Amino acid sequence: MAKTNALGLSIADYKGAPTTLCQGCGHNSIISQIISAVFEENLPPEAVVKFSGIGCSSKAPTYMLGRSFGFNGLHGRMPSLATGALFGDLSLIGIGMSGDGDSAAIGMGQFKHIIRRNMPLVYIVANNGVYGLTKGQFSPTSDRGLKLKKQGVNPFEPVDVCMEALASNATFVARTFAGDPKQVKTLIKAAMHHNGIAILDIISPCVSFNNQPSSTQSYEWGKQHEVLLHEMQFHPDAKEIQLHGEMKPGEVREVTMHDGSVLVLKQVERDYDPTDRFAAIRALEEAKEKHILLTGLLHIDTERPSLTELYELPDDTPFNRMPQDRLRPAPESIQTINDLMF
Amino acid sequence: MAKTNALGLSIADYKGAPTTLCQGCGHNSIISQIISAVFEENLPPEAVVKFSGIGCSSKAPTYMLGRSFGFNGLHGRMPSLATGALFGDLSLIGIGMSGDGDSAAIGMGQFKHIIRRNMPLVYIVANNGVYGLTKGQFSPTSDRGLKLKKQGVNPFEPVDVCMEALASNATFVARTFAGDPKQVKTLIKAAMHHNGIAILDIISPCVSFNNQPSSTQSYEWGKQHEVLLHEMQFHPDAKEIQLHGEMKPGEVREVTMHDGSVLVLKQVERDYDPTDRFAAIRALEEAKEKHILLTGLLHIDTERPSLTELYELPDDTPFNRMPQDRLRPAPESIQTINDLMF
Amino acid sequence: MAKQTQPASQNGAVVNDFSITVSTINGTGSQTSNLTITRAIFKMGIPVQGKNIFPSNIQGMPTWYTIRISKEGFLARREEHEIVIAMNPATIKDDIEDVMPGGVLFYADHLKLPIQRDDITMYPMPVKKLARQSGAPTKLRDYVANMVYVGVLAEIIGIDMDKIHAALDFHFKGKEGPINLNYGLIETAAQWAKENLEKKDPYRLEPMDATKGYIMADGNTAAALGALYGGVQFVGWYPITPASSLVETMNQYIPKLRKDPKTGKNTVVSVQAEDELAAVGMTIGAGWAGLRSMTSTSGAGISLMGEFLGLAYYAEVPIVVWDVQRGAPSTGLPTRVMQGDITQVAFISQGDTDAIMLIPKDAQEAFEFGWRAFDYAERLQTPVFVMSDLDIGQNQWMVKPFEYPTEPMDRGKILWEEDLEQWEKEGKAWGRYLDVDGDGVPYRTVIGNKHPKAAYFTRGTGHDEFARYSEDPEVWTRVLKRIKKKFENAREMLPKPEIGTMEGASFGIISFGSNDPAIQEARHYLKEEKGIATDYLRLRAYPFSQEVKDFIASHDKLYVVEMNRDGQMRQLLQLDVPDMADKLFSVAKGDGLPLTARWIMNTILEMEEE
Amino acid sequence: MAKQTQPASQNGAVVNDFSITVSTINGTGSQTSNLTITRAIFKMGIPVQGKNIFPSNIQGMPTWYTIRISKEGFLARREEHEIVIAMNPATIKDDIEDVMPGGVLFYADHLKLPIQRDDITMYPMPVKKLARQSGAPTKLRDYVANMVYVGVLAEIIGIDMDKIHAALDFHFKGKEGPINLNYGLIETAAQWAKENLEKKDPYRLEPMDATKGYIMADGNTAAALGALYGGVQFVGWYPITPASSLVETMNQYIPKLRKDPKTGKNTVVSVQAEDELAAVGMTIGAGWAGLRSMTSTSGAGISLMGEFLGLAYYAEVPIVVWDVQRGAPSTGLPTRVMQGDITQVAFISQGDTDAIMLIPKDAQEAFEFGWRAFDYAERLQTPVFVMSDLDIGQNQWMVKPFEYPTEPMDRGKILWEEDLEQWEKEGKAWGRYLDVDGDGVPYRTVIGNKHPKAAYFTRGTGHDEFARYSEDPEVWTRVLKRIKKKFENAREMLPKPEIGTMEGASFGIISFGSNDPAIQEARHYLKEEKGIATDYLRLRAYPFSQEVKDFIASHDKLYVVEMNRDGQMRQLLQLDVPDMADKLFSVAKGDGLPLTARWIMNTILEMEEE
Ligand SMILES: Cc1ncc(C[n+]2csc(CCOP(=O)(O)OP(=O)(O)O)c2C)c(N)n1
Ligand SMILES: Cc1ncc(C[n+]2csc(CCOP(=O)(O)OP(=O)(O)O)c2C)c(N)n1
Ligand code: SF4
Ligand code: SF4
Ligand SMILES: [Mg+2]
Ligand SMILES: [Mg+2]
């Protein structure tokens, strides 16, 4: 019998249409981790809403959570669609899938501005340093010096998705690697509990166009150069925290999320404080110098109000179920209004 | 008799149409400094090409350098216009005028990408933290907590133009203040000699909509909180450097530009190395914490090739004067091409 | 400009039938003075309309405000100015020339008059002196100086001082300080005029009873209020002239009108986006999620929204888009009016698309379409454009009071959990794009619906009736044909045209939007002065209904009057009635100013002669 | 799909007149096999055309390649497939059903056949076995497996092995390794077929001499080459299917064709922008600066460029925009063909705008318009759109060789220092927007011009003849009218339509672009099978020239055939000839596939009956 979660649902209830992405594509592995995360978090699939732009990465939502609503929008415009849509029912969790082209090229503006607004959304950049769907052009995150078949050599310094997020004061910034599924899953779980924008820069190799070992977005490079900022465990309920195995107090940090869930970070090399934004910037700079793939939760800020909070909507009913008599002003008011004219 | 420069031109040759901006608008003072800088640099006005987006700031090019070509384009799209245009004749110097709305809202994408390409352009963001031309809405650089007449209170963390430029690896990043005309002028001169993108974030108060003393983009706040990173002198010709007055060796840094001109930086509080990008980020963070307006050349990198260099165009003739016989392949070639088909 | 002598009424006096143009420098606060004059006249019961002709700039440039006073209720712009008030040295020459023969010039006495005219009356006004004496703080000096012309004018043409006080009281929301300061100066100026000027001109106001039952409102405010009464829940916007004030005004009315009776919290989310792409993107997201959702823009904004609007069209997302049209192409004349986005909107995005357009004629209809637009959008599951313009949006219109929505909200075909259960029980299949009722409009579900079969996947790529990805040519064709059906069905659902007929009409006139007053007036002249009777159809929506076809069919010749260069509405009409396309003649001008009755009449007369 | 029995030729053999469809999985390299077959047939002297019907995805989805072989030279898509080669388990059922009665199925023998048909010939192919035996590295196994069907087919229908070798040699640019590997497998497969299959079907190829003097080229390559011969200097682009390969190919040819003879340096700057707004912005900047400048896009890209294109229109900046049209609205069918952007481009931006369009019919015209477009753009100082489509752009077309430009470059009216001096001497005033010659086209200067009066200020806001800011209604109208004049004058300047007539034609057909082969063929059937003679006008540009009006005038009834839902070109035609609008009937289908002659014929016949 298939394993079920606390809701009595099996993993099959969280699947989507069969993938049409290439075999081995990093995006497929992200899809699996999203499915597992939502399943393990005991969220009904209806509680999640999927968004995406255009690209192979942006097709991913089709291949997961078939029982969740989804909107595969326009190239680079996922953030605005998600922003408008999620106001429809604030009890829902939004997951946005985007690509490096989608977010760092055409979508740079919306990427930066959804961060600025701190809109609650799990924002995944499936970063393969290339345009997959249009067959292998450079993306803004392509390595400098990368050589691609029809494109020659890329002369530009890559956009660093996490650095951009930090520059825009993102409240949750993580980098991870599709070749490290466990970490991907843990970060997705934590991101789903974050009250604000959660930027996940997931290095997700494109096996068709940018998986040569010299590319920093390849599986091989990632496997060989990944360095963990910390080891992570996510506990949806603070009470259940047991410091598993080798985790000893003093070597761990606990990040308590807005809803009381806890992310436990175990020190690997040094003590890293993800609430220190400047430390995150420094860590990124160092990683670049050392030529490593530094993964983990770079930064979190659980204090800043999210965009949806600013509006203080009625919270007894989802906004999109609000009946007519709570939306249309009372008939009496029209007289007052006309009196306000001249 | 009017003062003339080395070309025998008087300042009148560098003026534009009379300004229609508000009296006291910071942009007017930027206009004056651009005029002076070009005049003093002995550049013929024809050697400069002006670009802008849409906004009060973007109207500025009309009011200066009437003998220079100019293109007042679309809101947020100055960078792309300038990029294409300047390839027309690489001997010319481009000056782009933009506003905080123009560059940090609708133009965020183009702003980031012209930086990434290191396109040679003096890129001025006349930053008043408000939309002037549309009469006083919030801009992305508005202070958090800023209160504007019809707009309420701004709840968002402002975009830091310099931080954004640094995150994108800009090769010349400076912040200055329209209320400090001397510094503005010196930085514009240096920027004109930079072989790559030069981002000048000029705090330029909007006297009509955002000049209340509590606003960090007001004259009063600027005057009271400006802290210089260094004092500056610009020497178009290295040979003429004389360390004026109080400048003693050891207390100065010299930045030699691509064309041999030199920017001399005199230490004010501490020794600041503008070639260290990370130091610039740190300085910005500190300035934010200390609540000061830190001005000066935050960062410079004179090594990185510029976009125009990458193409190695013929340099004996401006590209837009190249005659037909150098642009159209020879008649013989058509046979070869047809043979290459099947 | 054509100069025509005003037909004087009895005793030489011209009563309640002339135009005043105030020429000032923008950013000096003259708007308050101009509104005060307009409102005071309105309160005197005299039909009046003010139009602001202003530059794209914040301060220091010439700006004109023209006030049409018409006892007959003709409130369109006129080209002739009986009275000119000159306050701007930069334009004084033109201003003097603009006074029609027999007319009046009021001028600030510090202005040098570059020319003299002996066919007009000239009144100097000691503007600076009185402003200085007013005791207003130096900072406000320029601002209150404009009150001088209010006072002088009031005295000379007879504006009721009580009504002026009422106008100020309204403007300053009862705040005594500014009311007294300004009123004091107006009184002083009036007194000065009384003592120092001798009335030599024929223009006079006399109280009437013709504005009772009317209000004065600008179209953007009306649109904002209409939307609030329409239950708007989400607004994504980006500032752009002349649309900005629509949402800005809405934002101000939200706490007043849209406090949830149950929780006391506001029920509108208004987000200033980073640009128009994001504004419409948010709006579409919200519409998709089941919120009543709108954006408002102009000019460039509409162009930038094209890609997203094609998505909303094909993915069938209800949203409302206000296009407060301004002078175009390109950045064009951003502070002037035009009706130039008609064909662009009709063909808004790549591929075959259609657009529903509502076309209000004034503030009152802006209010009505403000709420109705949501009903159409949700009923048809498609973007609905409201084609307003700068004249409607930013000027004050004398209109009937806003009327509370006459119909309950039509939320269209939405299925919730219990509906889906019911359908399941009845064995009815639900597919997001299934044409169950044969009207082309499918049923939709929205996020938060917890029924396990409620979810579907929305995309701009090819999809079948169950929202599944498809590249199948037949599926593609079928879906696009069904969508077309919605558009065809919309013809008879949207606001019907308004038709005015006369006995023995020589031809028909078709027009729309803010042209209406000028057309009404032109028809009056055609009849009165030329003996030419006309029929008139005012379009209120696109696609056109049967009435439009019938109207065209029943006339041999029709003039389509509009404010653009290419006769855009005529083009859409021609496409609709190819067999009658050659009966439609274009009377089009898009120079940034509202059309005038005289121009319309003369153009038609010329074309009649040809 | 309609099934029709192929009229067998003498002796039951069907020679050089049938279609082959290859059904495979994309991303498996079948494109090489398909091109090899097509090219080999072409080299046999037989008219042939291949069309790729592929999914919007990189790997693993069904894809079809149809090869039309026609001794008569009819190379449009057909709906009937005499021969189907089935390699994809996912589509095997449909593939079997798609074979027309009497036809042939080749199938990979590891596929389970879900249905049997006794009205067709079925040949199994030991694809896996032979691929395994080929000695190809495991990685390449799937890829070379596709060569098996090349060999089997070659043996059964008689493709010349030498020509196959020549095709491979071309494809692999003479590299022996891959040539030998693939050719070896093809030979083995052919040998296997010879030994194991008995020919039971009537389809055969026989060498002809009908392709001499032709080349095979895809339209994107042709366009790229045309632009390079046109002296293109600046390209701003953003990847989008099916336009990407246009610039990618251009980039590859730059070093070959565009090394400056003097300095040996390249003379084209090609920048991959961050999006289409930036792509067209750069392009406009470069065009403004005096460079021959272009961009290339499709679908969404065109919509995103609308605002900028309005600026280029009004500021009069010459640029070339290639729209390689694909299935729309919205993201639509990104890998399928459509002619759906016609009306959108005609009304591309806010306000009154016009668009010059060139409409190539195939790769050869794509080359020609590739260079000519710059001449028109610079001559008229306005954006010129080349409306290509996916079928033209991405498929191989058998066309006459590219012809070296027959005219020198027309750089239009540019003034340099010496020209301005000359004008000054002659006392001629220069203003950027002054209509000196009365043809509506002003003279321009570009940056770098050192004459102190050369500079001017370009803007999208209102401006006068001297490029000065203006909000004056008369100035505005005057400038926009002059711009319209350019558009009117363009009518007779642009490529003239191509007209084909027949004695006693019953009606006229109007069409354009890649529809041409299907129309030629449909006219042939109408004549041969139904005895209906037709005239045909192929549009090559918009706005339309007098010939188009005359053609419409000289027919009682005209069918406008196009690949979209709404009959967009018919709409533009109707607007051009309102007095004849009702003579134009729409034969339109936009389902993502190229139109077929049978569909066109049948639709017209049905409409004739009505
Ligand atoms: C407006 C627009 N421009 C271009 C395209 C074509 N396009 C589709 S996907 C894509 C790039 C996708 O790259 P990325 O976001 O990195 O996704 P990946 O395929 O690599 O996962 C582009 C340019 C489009 N769909 N829309
Ligand atoms: C596409 C588009 N959207 C909106 C506008 C309206 N608009 C004109 S200027 C402006 C903001 C200008 O703000 P900023 O760049 O800060 O310049 P400032 O006026 O403050 O100097 C806006 C939104 C426009 N012109 N084009
Ligand atoms: S092309 Fe690349 S990104 Fe796209 S599905 Fe294949 S491997 Fe993934
Ligand atoms: S509104 Fe503000 S930004 Fe615009 S001109 Fe006036 S002071 Fe300057
Ligand atoms: Mg990618
Ligand atoms: Mg600003």
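Attention now goes to the coordination of the magnesium ion (ligand 6). Octahedral metal centres with six donors ideally show angles of 90 or 180 degrees, and tetrahedral centres with four donors ideally show 109.5 degrees. Residues and elements named next belong to chain B. Coordination of the magnesium ion (ligand 6) by the protein is provided by Asp100 (OD), Asn128 (OD1) and Val130 (O), with metal-donor distances spanning 2.1 Å. The motif formed by the donor residues of the magnesium ion (ligand 6), counted along the single chain, is D-x27-N-x1-V. Side by side, Asn128 and Val130 carry an identical accessibility label, which is buried.

All names here are of chain A. Ligation of the magnesium ion (ligand 5) by protein atoms is provided by Asp100 (OD), Asn128 (OD1) and Val130 (O), these donors lying 2.1 Å from the ion. Every donor residue of the magnesium ion (ligand 5) comes from the same chain, spaced as D-x27-N-x1-V. Linking Asp100 in helix 4 (residues 100-104) with Val130 in strand 5 (residues 130-131), this pair joins segments that are 30 residues apart in sequence. Asp100 gets classed as buried once you look at its relative accessible area, which sits at 2%. Judged by relative accessible area, Val130 falls into the buried class, the value being 2%.

In the vicinity of ligand 4, the contacting residues are Leu21, Cys22, Cys25, His27, Cys56, Asn128, Cys206, Val207, Ser208 and Phe209 of chain B together with Ile58 of chain C. Class assignment of the residues belonging to the shell around ligand 4 gives a composition of eight nonpolar, three polar and no charged.

Chain D puts 21 residues into the contact, and the matching count from chain A is 24 residues. At the boundary of chain D and chain A, one finds zero salt bridges. On the surface where chain D and chain A come into contact, there are eight residue pairs in polar contact (both at pLDDT 80 or more). Among the secondary structure elements, those contributing two or more residues to the side of chain D that touches chain A are helix 8 (244-257) and helix 9 (276-288) of chain D. Its residues assigned to classes, the side of chain D that touches chain A comprises eight nonpolar, nine polar and four charged.

One can expect most non-glycine residues to show negative phi and most peptide bonds to be in trans. A cis geometry characterises the amide bond from Thr241 of chain C onward to Pro242 of chain C, with omega recorded as 0 degrees. Looking at where Pro242 of chain C falls in the secondary structure, it is placed in the loop between strand 10 (234-237) and helix 8 (244-257). Residue Ala328 of chain C is joined to Pro329 of chain C through a cis peptide bond whose omega torsion reads 20 degrees. For Pro329 of chain C, the location among the structural elements is in the loop between strand 13 (319-325) and helix 12 (342-346). Positive phi values are uncommon outside glycine, yet His291 of chain B reaches one of about 60 degrees. Within the fold, His291 of chain B resides in the loop between helix 9 (277-290) and strand 15 (293-300). A positive phi is found at Gln381 of chain D, a non-glycine position, where the angle reads about 50 degrees. Counting through the fold element by element, Gln381 of chain D comes out in the loop between helix 13 (363-380) and strand 16 (383-389). Residue class for Gln381 of chain D comes out buried when judged on its relative accessible area of 0%.

A few words now on the interface of chain A and chain C. Across the boundary between the two partners, chain A contributes 54 residues, which contact 79 residues of chain C. Summed over both partners, the interface of chain A with chain C buries about 5700 Å², with 65% contributed by carbon and sulfur atoms. It is Phe69, Arg328 and Phe342 of chain A that lose the most area in chain A upon contact with chain C, and together they represent 18% of the buried surface on that side. Summed over the shared surface of chain A and chain C, the result is four salt bridges. Put simply, Glu417 of chain C and Arg321 of chain A hold a salt bridge, and the shortest N to O gap is 2.7 Å. Between the two partners, chain A and chain C, sit 23 residue pairs in polar contact (both at pLDDT 80 or more). Contributions of two or more residues to the side of chain A that touches chain C are made by strand 1 (48-52), strand 2 (69-72), helix 3 (78-86), helix 5 (108-117), helix 11 (324-327) and helix 12 (333-340) of chain A. Grouping the amino acids of the side of chain A that touches chain C by side-chain chemistry returns 24 nonpolar, 17 polar and 13 charged.

Looking now at helix 18 (residues 546-553) of chain C. All names here are of chain C. All of the buried residues in helix 18 are Val548, Phe551 and Ile552. Viewed end-on, helix 18 has its buried residues packed into an arc of 95 degrees, placing them on one side of the element. Residues of helix 18 that are buried make contact with strand 18 (498-500), strand 19 (507-512), strand 20 (534-539), strand 22 (558-562), helix 19 (568-576) and strand 23 (584-588).

A surface patch of positive charge is lined by Lys135, Lys149 and Lys150 of chain A together with Lys173, Lys175 and Lys256 of chain D. Mapped onto the fold, Lys135 of chain A is located in the loop between strand 5 and strand 6 (137-138).

Rules used in this analysis
Residues numbered from 1 in each chain as written. Chains lettered and ligands numbered in written order. Predicted model: local features only at pLDDT ≥ 70, side-chain atom pairs only at ≥ 80, totals over all residues. Heavy atoms only, no water. Donors = N, O, S within 2.8 Å, 3.2 Å for Na, K, Ca; no water. Buried < 20%, exposed > 50% of the residue type's maximum accessible area, 1.4 Å probe, protein only. Helix = DSSP H or I, 4+ residues; strand = E, 2+ residues; numbered from the N terminus. Near = heavy atom within 4 Å. Nonpolar A, V, L, I, M, F, W, Y, C, P; charged D, E, K, R; others polar. Contact = heavy atoms within 4.5 Å. Salt bridge = Lys/Arg side-chain N within 4 Å of Asp/Glu carboxyl O. Polar contact = N/O pair within 3.5 Å; in protein donor to acceptor, adjacent residues only side chain to side chain. Buried area = accessible area lost by both parts, 1.4 Å probe. Arc of directions from axis to C-beta. Patch = residues over 30% accessible without salt bridge, like charges linked within 9 Å, V, L, I, M, F, W, Y side chains within 5 Å. Areas by Shrake-Rupley, 256 points an atom, 1.4 Å probe, with all protein chains shown as cover. Lys, Arg positive; Asp, Glu negative; His and termini not counted. Charge placed at Lys NZ, Arg CZ, Asp CG, Glu CD.

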